[in-house]
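# Architecture and fold: a report
Chain residues, written in single-letter form:
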Amino acid sequence: MQKRHFIDIAIKWLFFGAAATSVMVLLGIFGMLLFNGVKAFAHISLAEFFFSSNWNPSAYGKPSYGILAMLTSTFLVTLGAMLLAVPLGVGAATYLAQVATEKTRLILKPVIELLAAIPSVVVGFIGIVMVGPFIARVFGLSNGLTALNGAILLAVMSLPTIITVAEDAIRSVPNSFKEASYSLGANQWTTLIKVVLPAAYSGIIAAIILGMGRAIGETMTVLMATGNALAMPRGFFDPVRTMTATIAIELGEVPYGTTHYYSLFAVGALLFLISLVVNLLAENLAGRYRYKL
Amino acid sequence: MRQNSLQQRLGLNTLRFFVLLVLLFLGIILWEVFSKGSGVINSGFLFDYPRKGMTLGGIFPTIMGTIFVTLVTTIFAIPMGIATAIYLSEYANDNGINRLIRASIRNLAGVPSIIYGLFGVAVFVQGMGLGSSVLSSGLTLGLLTLPYIITTTEEALKNVPHSYREGALALGATKWEAIWTNVLPSAVSGIVTGSILGLSRAAGETAPILFTGVAFYLRYLPGSVYDSFMAMPYHLYILSTQHHAIEEVRPLAYGTALVLLSLVFVLNIIAFIIRYRYRNFNKARI
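Model, not experiment: these values are computed from the prediction.

With that settled, consider the overall build of chain A. A count of helices and strands for chain A gives 12 helices and 2 strands. For chain A, the N- to C-terminal ordering of α and β elements is α-α-β-β-α-α-α-α-α-α-α-α-α-α. Classification of the 293 residues of chain A by burial places 48% in the buried group. A separation threshold of at least 6 residues defines the contact pool for chain A, and within that pool the share at least 24 residues apart is 73%.

In terms of helices and strands, chain B carries 10 helices and 2 strands. Projected onto the principal axes, the alpha-carbon positions of chain B cover approximately 70 × 70 × 35 Å. Out of the 286 residues in chain B, the part that is buried amounts to 50%. Put simply, 74% of the contacts in chain B that link residues at least 6 apart link residues at least 24 apart.

All right, on to the packing of helix 3 (residues 60–91) of chain B against helix 6 (residues 134–158) of chain B then. Residue and element names in this part refer to chain B. Orientation of helix 3 relative to helix 6, taken along the N-to-C sense of each, is 35°, at an axis distance of 6 Å. As helix 3 runs across helix 6, the sense of the crossing is right-handed. Here the contact of helix 3 with helix 6 is composed, by residue class, of 19 nonpolar, 9 polar and 3 charged.

Before going further, it helps to spend a moment on the nonpolar core. With 183 residues, the main nonpolar core has A:V122, A:A166 and B:A257 as its most contacted residues. Ranked by residue count, the leading element in this core is helix 6 (residues 147–171) of chain A, at 16 residues. Beyond its immediate stretch of four places on either side in the chain, A:A166 contacts A:G89, A:V90, A:A93, A:G203, A:I204 and A:A207.

Excluding glycine, most residues fall at negative phi; most peptide bonds, likewise, are trans. Residue and element names in this part refer to chain A. For N228, which is not glycine, the phi torsion reads 55° and is therefore positive. Along the chain, the position of N228 falls in the loop between helix 10 (220–225) and helix 11 (243–250). Take N228: there are 19 C-beta atoms within 10 Å of it, and that puts it in the partly exposed class.

Tallying the contact residues gives 68 residues for chain A and 68 residues for chain B. For the side of chain A that touches chain B, the element with the most residues is helix 1 (residues 3–40) of chain A, which contributes 21 residues. Across the side of chain A that touches chain B, the residue classes break down as 46 nonpolar, 18 polar and 4 charged.

Looking now at helix 5 (residues 113–127) of chain B. Residue and element names in this part refer to chain B. Here helix 5 is 15 residues long and its end C-alpha atoms lie 19 Å apart, about the 21 Å a rise of 1.5 Å per residue gives. Of all the bends in helix 5, the largest measures some 35° and sits at G120. In terms of burial, helix 5 is a largely internal element, 13 of the 15 residues being buried. Two residues or fewer past helix 5, G129 is found with a positive phi of approximately 65°.

Right, let's get into the packing of helix 6 of chain B against helix 8 (residues 175–204) of chain B. All names here are of chain B. Put simply, helix 6 and helix 8 touch, their axes get as near as 8 Å, and they point 150° apart. One finds that helix 6 runs roughly antiparallel with respect to helix 8. The way helix 6 lies across helix 8 gives a crossing that is right-handed. Here L141, L144, T145, Y148, I149, T152, T153, E155, A156 and L157 of helix 6 come into contact with helix 8, specifically with V183, A187, G190, I191, T193, G194, S195, L197, G198, L199, R201 and A202.

What follows covers the environment of B:P161. Relative to the elements of secondary structure, B:P161 occurs in the loop between helix 6 and helix 7 (162–170). C-alpha separation for the pair B:P161 and B:V183, spaced 22 residues apart in sequence, amounts to 8.6 Å.

Right, let's get into the confidence of the model for chain B. Across chain B, pLDDT averages 90, with 96% of residues at or above 70. Across the interfaces of the predicted complex, the ipTM metric reaches 0.92, alongside a pTM of 0.92.

Moving on: the environment of A:G213. One can find A:G213 in helix 9 (residues 201–217). Residue classification places A:G213 among the buried positions, given that 25 C-beta atoms sit within 10 Å. Taking the C-alpha atoms as reference points, A:G213 and A:I274, separated by 61 residues in sequence, lie 8.2 Å from one another. Excluding anything up to four places from it in sequence, A:G213 contacts A:S275, A:V278, A:N279 and B:G110.

Calculation notes
- Residues numbered from 1 in each chain as written.
- Chains lettered and ligands numbered in written order.
- Predicted model: local features only at pLDDT ≥ 70, side-chain atom pairs only at ≥ 80, totals over all residues.
- Helix = DSSP H or I, 4+ residues; strand = E, 2+ residues; numbered from the N terminus.
- Buried ≥ 20, exposed ≤ 12 C-beta atoms within 10 Å, placed from the backbone.
- Contact = placed C-beta atoms within 7 Å.
- Axes fitted to C-alpha atoms, helices over the stretch in contact; angles between N-to-C directions.
- Left-handed = near helix turned anticlockwise from the far one by under 90°.
- Nonpolar A, V, L, I, M, F, W, Y, C, P; charged D, E, K, R; others polar.
- Core = buried A, V, L, I, M, F, W, Y, C linked by C-beta atoms within 7 Å.
- Expected span 1.5 Å × (residues − 1).
- Bend = angle between axes of the 7 residues up to and from the residue.
- Parallel < 35°, antiparallel > 145°, perpendicular 65-115°, else oblique.
- pLDDT = per-residue confidence, 0-100.

Have a look at this one:
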């Protein structure tokens, strides 16, 4: 065999090895979280972990490891973010995909990508110096670092994801759908609402789910801007501490190999599973909107 | 009919308003950081160490730390990402194992950054004994950016016309020779764009470095990849939440945010320009 043919085969396997690393990393992350997380349940009952809202691992004598309050906090903040970001994001995506001229679209798309490029720590900082104090003033609160603050910031952060993916879905609706609607005498708005958006439905849902995943997994912003109170939140005006923030706050100070240390990996494992479900769901839905004509 | 057109005007204007609102968010963030941060930016701020418990002085070691750790990320993630993308675009057929590889990459892209931090602690810091270091953080950030670099590079490779490969193969080149001489040179600007965007993301991340190597305050720059380091995103975090005199250091926090944001934006704009020129270049060629 010639040397160059040998190189050709060697390189193929080298690149395959690089590609296989991604599989190993994903499995490695899952395995590591499970391996460390499971150890926590030697001392914590599953019922306590999932159904108690009392998280106090460093309590003297009887520590408690209930994640219900932080799980609720994560979902509360995410829900708030989606209530703001979904109408805005889908609306903006519709505009970019169907109403805007090509020139406007080419200018606006990179600008929206710029929004995605802002580091989360900067968004959190804006929450502390600007959005939080603004909320405190408007609603007469003593402290603006609340679930609402986190929700607003996460909405801004998930907007680029929602807009990009939804715009792609809306643009992929075949022109013939629109033409049929116009020929029946419908105007542009009716066509958008009754024909184009329903046709892009599953892609839009995929966009929303991906945006949601981004909000659930975000760490620095909620860590800085939501007040980090461990109690069960009663509403958007309460300070909250999400799952991600709990890991960020406690992993730095916890001694290696303790139940507390392992319990943070258990929280991480749950977070990982949520993100996995979100991704698979979005992928499944996004695959459906492609019209093959 | 009249009611219909009123509805249409109202509806389309609402959509326009939503787009403006999104742009307004970006504008507000930029205005807040630039207007309040530009006052503290001078050569002292950029090239001095923090002094007096970080209430005075500059952010020089945090800038150097961020550059240093991003370099480690580059060295690890870019070759790895390009190799994976070449495999997926040029070699992989649609069989079970390749579908598994693609699914893994897509799912890795959605894993929260704090999870990468946990992985870094368990695997790099403790498992491999690399300690709290530039290397541990750089590798953790590398894993985080990998899916991004793979996706953009694969897209760039897919945009190279098939005839380029076929031309080389017809002249007797091996597959690798065709890729090396004909495919990669045509895709290079797309690959560079994706890599720059991936690195700009890594440079701004905080959660993955939190426990893998970043330090609150150091009096020296890291001397090797086994030392811990200071970084701009983490510095902004401590100045705005963990410092003992938060109000007093607020201007410094604004300054840090400004420098960080400028770095990220400059990288993004460079990537945008490369992509734009490449697009025109391609148009002219075909």
